[in-house]
Amino acid sequence: MKYIYTLLFICISTTFFGQDTYLQCGKLIDTKTGKILTEKTIVVTGNKITSIKSGYVTGKKEDTTIDLKDKTVMPGLIDMHVHMEMETNPKAYLQRYTDNEADIAFNSIEFAEKTLMAGFTTVRDLGGSGVNISLKKATQKGKVKGPRVFTAGKALATTGGHADPTNGSKRSLIGDPGPKEGVVNSIEDAKKAVRQRYKNGADLIKITATGGVLSVAKSSSNPQFTIEEIKAICETAKDYGFHVAAHAHGDEGMQRAVLGGVKTIEHGTLMSEKTMDLMKQHDAYLVPTITAGKEVTQKATIDGYYPAIIVPKALEIGPKIQNTFKKAYDRGVGIAFGTDAGVFKHGQNGKEFAFMVEAGMPAIATIQSATITNAKILNMQDQIGQITPGFLADIVAVNDDPTQKIKTMENVVFVMKDGIIYKK
Ligand SMILES: [Zn+2]
């Protein structure tokens, strides 16, 4: 018996501790300094980065060496705005009435894998039915190939607001959803809704501070929460270690959100200079989602793709997002990389980089936004977003130097998450 245990221990220890992986990197992006280092070797032990050596180093016989000498290597990318439960298609509005949670779950497995293969090793899911909480657990356990998920569970709205789950339904199905379902109409509701998200297993809170494009409702941008409700949400969220993300297109709702204490403004389409300055004062970040803006503008021109009520909203809001991003960046607002994947096809998250560069943000700054900035907002700044000893081994590579050719970010060729290689 003792012999079997010893044998077992040897097997386990060689599997988990004995083998290191040596990644020989032609170029390596240091996200902290914004510098590109050359000819380095990253040593990975288990799920951690253990050292970075100068030159191309090979380990012991039992170690694995990966040749990335003609690649540019960087930390795993982080997308602050995805929806892992859904993906745009002309039947999406009908699917709300036909799909069971199990259908949603099976679909999300595919979306999660596409996201990871695109180099996004961590995502913040800003709203679904709650299947996203199960997806988080499944990827944590390695049952599903997908990114590390931080999720809001179900987003919070007010009655008829952008994330009211029964918007657009016929009267017999509308019901009266409340805090449990993510609908808030008072300070008491606000507290309960946050606590319910905590109980459900969410990691953060998402609110819809203004109208939105893709909900079956008239306004794309009216304010939808009172400042008192937003304050109650943010204060309660703090008790649970949650930050709050606010979807917002209109300026008034956005200002209330920033003053109420949210950490990120999603989209920010009609943001005034006053709001930009408030964001700087309050250390709030803009999550641009330019890719989604372009996608809804294009899809709105296809007859019947969206319900009719959505088309004018998409054509009004979609084309403005990139320019607002430019203005906010130029004014010094903090930028947290995020795409709204799901509003366009999963796995195309990398398109956002070129759109940001097109609007005037330097390529290296876009990558820093998608790594160190996002890690900080997730309170993971000591674990992800840098290739540094002691950090989790989330490492990706592209063919070209993105500071020369940003489009290379749309074709990630190597993906390691938590020390496991998913794409080579
Ligand atoms: Zn979204």
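The rules behind the values
Here the residue numbers are simple positions, counted from 1 along each chain's written sequence. It should be noted that, the model being predicted, local features are given only for residues of pLDDT at least 70 and side-chain atom pairs only at 80 or more, the latter also being counted only at that level, while totals for whole chains, interfaces and linings use all residues. Side-chain numbers here rest on the full set of heavy atoms in the structure, without hydrogens or water. Helix and strand definitions here come from DSSP, where helices need a minimum of 4 consecutive H or I residues and strands a minimum of 2 consecutive E residues; each element is numbered from the N-terminal end. Radius of gyration here uses only the C-alpha atoms, and the compact-globule reference equals 2.2 Å multiplied by the residue count raised to the power 0.38. Exposure is judged per residue with a 1.4 Å probe applied to protein chains only, and the accessible area is read against the type maximum: over 50% gives exposed, under 20% gives buried, and values in between give partly exposed. Residue contacts are defined here by distance: any two heavy atoms, one from each residue, within 4.5 Å place the two residues in contact. What we call a nonpolar core is a set of buried Ala, Val, Leu, Ile, Met, Phe, Trp, Tyr and Cys residues that are connected through their side-chain atoms within 4.5 Å. Domain borders in the structure are assigned automatically or taken from a domain database. By convention, the term buried area covers the 1.4 Å-probe accessible surface removed from two parts as they join, with the contributions of both added. The salt bridge criterion pairs a side-chain nitrogen of Lys or Arg with a carboxyl oxygen of Asp or Glu, the two atoms within 4 Å. Each metal site is built from N, O and S donor atoms within 2.8 Å (3.2 Å for Na, K and Ca), and since water is not included, such sites may look incomplete. A pair of strands counts as paired when DSSP detects no fewer than two bridges linking them. Whether a crossover is right-handed depends on one test, that the path from the first strand over the helix to the second runs clockwise when the strands point away from the viewer. Two aromatic rings from Phe, Tyr or Trp, using only the six-membered ring of Trp, form a pair when their centres are within 6.5 Å; if the ring planes differ by under 30 degrees the pair is stacked, by over 60 it is edge-to-face, and anything between is tilted. Distance and angle both matter: a charge sits over a ring if NZ of Lys or CZ of Arg is within 6 Å of the ring centre and within 35 degrees of the ring normal. As a rule, the C-alpha atoms of each element are fitted with a line to give its axis, helices using only the stretch in contact, and angles between N-to-C directions run from 0 to 180 degrees.

A short note on the overall build of the chain
Each helix and strand counted, the chain has 14 helices and 15 strands in total. Compactness check: the chain gives a C-alpha radius of gyration of 22 Å against a globular reference of 22 Å for 424 residues, within 12% of the reference. Oriented by its inertia axes, the alpha-carbon framework of the chain measures out at about 70 × 55 × 40 Å. Per-residue burial over the chain gives 55% buried out of 424 residues. For the chain, the share of sequence-separated contacts (at least 6 apart) that also reach a separation of at least 24 residues comes to 70%.

Here's the deal with the nonpolar core
Soluble globular proteins tend to pack their nonpolar side chains together in the buried interior. With 81 residues, the main nonpolar core has Leu-156, Ile-205, Ile-207, Ile-233, Val-262, Ile-265 and Phe-353 as its most contacted residues. Here this core spans two domains, and each of domain 1 (2–75 + 386–423) and domain 2 (77–377) adds at least three residues to it. Contact partners of Ile-265, with chain neighbours within four places excluded, come to Ala-246, Ala-248, Met-254, Ala-257, Val-258, Met-271, Met-279, Tyr-285, Leu-286 and Val-287.

Observations concerning the domain arrangement of the chain
Reports of interface size often rely on the accessible area that becomes lost once the parts have come together. Taken as a whole, the chain is organised into domain 1 (2–75 + 386–423) and domain 2 (77–377). Just the C-alpha atoms count here: the centres of domain 1 and domain 2 sit 32 Å apart. Tallying the contact residues gives 24 residues for domain 1 and 24 residues for domain 2. Interface of domain 1 and domain 2: buried area, both sides summed, is about 1,900 Å²; carbon and sulfur atoms make up 70% of it. Close ionic contact of Arg-148 with Asp-394 constitutes a salt bridge, the shortest N to O distance being 2.5 Å.

A look at the coordination of the zinc ion
Distances from the zinc ion to its protein donors, His-81 (NE2), His-83 (NE2) and Asp-340 (OD), fall at 2.0 to 2.3 Å. If you list the donors of the zinc ion from N- to C-terminus, the spacing comes out as H-x1-H-x256-D.

Notes on the sheet that holds strand β8 (residues 205–208)
Sheet strands pair via backbone hydrogen bonds, and the direction of the pair is either parallel or antiparallel. Pairing within the open sheet is parallel, and its 5 strands lie in the order β8-β9-β10-β11-β12. Strands with a single pairing partner mark the edges of an open sheet, and in this sheet they are β8 and β12 (334–335). With 4 bridges joining them, strand β9 (residues 244–248) and strand β10 (residues 264–267) adopt parallel strand pairing. Paired with Ala-248 across the bridge in β10 is His-267.

Structural notes on the pairing of β9
Burial analysis of β9 places 5 of its 5 residues in the buried class, which makes it a mostly covered element. Examined bridge by bridge, β8 and β9 share 4 bridges and lie parallel to one another. Looking at β9, one finds that Ile-205 is bridged to Val-244. Taken together, β8, helix α7 (residues 227–239) and β9 constitute a β-α-β crossover, and its handedness is right-handed. Where the polypeptide runs from β9 across helix α8 (residues 251–260) and back to β10, its parallel neighbour, the crossover connection is right-handed.

Re the pattern of salt bridges
Side chains that differ in charge, positive against negative, can pair when their charged atoms come close. Under the defined criterion, the tally for this structure stands at 18 salt bridges. Close ionic contact of Arg-331 with Glu-273 constitutes a salt bridge, the shortest N to O distance being 3.5 Å. Placement of Arg-331 in the loop between α12 (321–330) and β12 and of Glu-273 in helix α9 (residues 273–281) is noted, with a sequence separation of 58 residues between them. Residue Arg-331 is classed as partly exposed on the basis of its relative accessible area of 30%. Beyond isolated ion pairs, a larger network of salt bridges with shared partners links Arg-148, Asp-394 and Asp-418.

Brief notes about unusual backbone geometry
Within the chain, His-267 stands out as a residue other than glycine whose phi angle is a positive 75°. His-267 gets classed as buried once you look at its relative accessible area, which sits at 6%. For Asp-418, which is not a glycine, the phi torsion comes out positive at approximately 55°.

Overview of the packing of aromatic side chains
The way to describe two aromatic rings as a pair is by their centre distance and the angle between their planes. Evaluation of the coordinates by the stated rule reveals 7 aromatic pairs. With 5.8 Å between their ring centres and 25° between their planes, Phe-120 and Phe-337 make a pair best called stacked. Of this pair, Phe-120 sits in strand β6 (residues 120–125) while Phe-337 sits in the loop between β12 and α13 (351–358), and the two are 217 residues apart along the sequence. A connected cluster of aromatic rings, assembled from ring pairs, spans Phe-120, Phe-337 and Phe-353. Over the face of the ring belonging to Tyr-56 we find Lys-69, whose NZ or CZ atom lies 5.3 Å from the ring centre. For Lys-294, the ring lying beneath its charged end belongs to Phe-355, and the centroid distance is 5.0 Å.

Some words on the sheet that holds strand β7 (residues 148–151)
Spatial strand order, β5-β6-β7: 3 strands in an open sheet with parallel pairing. The open sheet has two free edges, formed respectively by β5 (77–82) and β7, since each of these has just one partner strand. On average, adjacent strands in this sheet sit at an angle of 20° to one another, irrespective of strand direction. The pairing of β6 with β7 spans 4 bridges and is parallel. Considered in β7, the bridge of Thr-122 is made with Arg-148. Sheet strands touched by helix α4 (residues 131–140): β6 and β7. Its angle to β7, the strand with the most contacts, is close to 150°.

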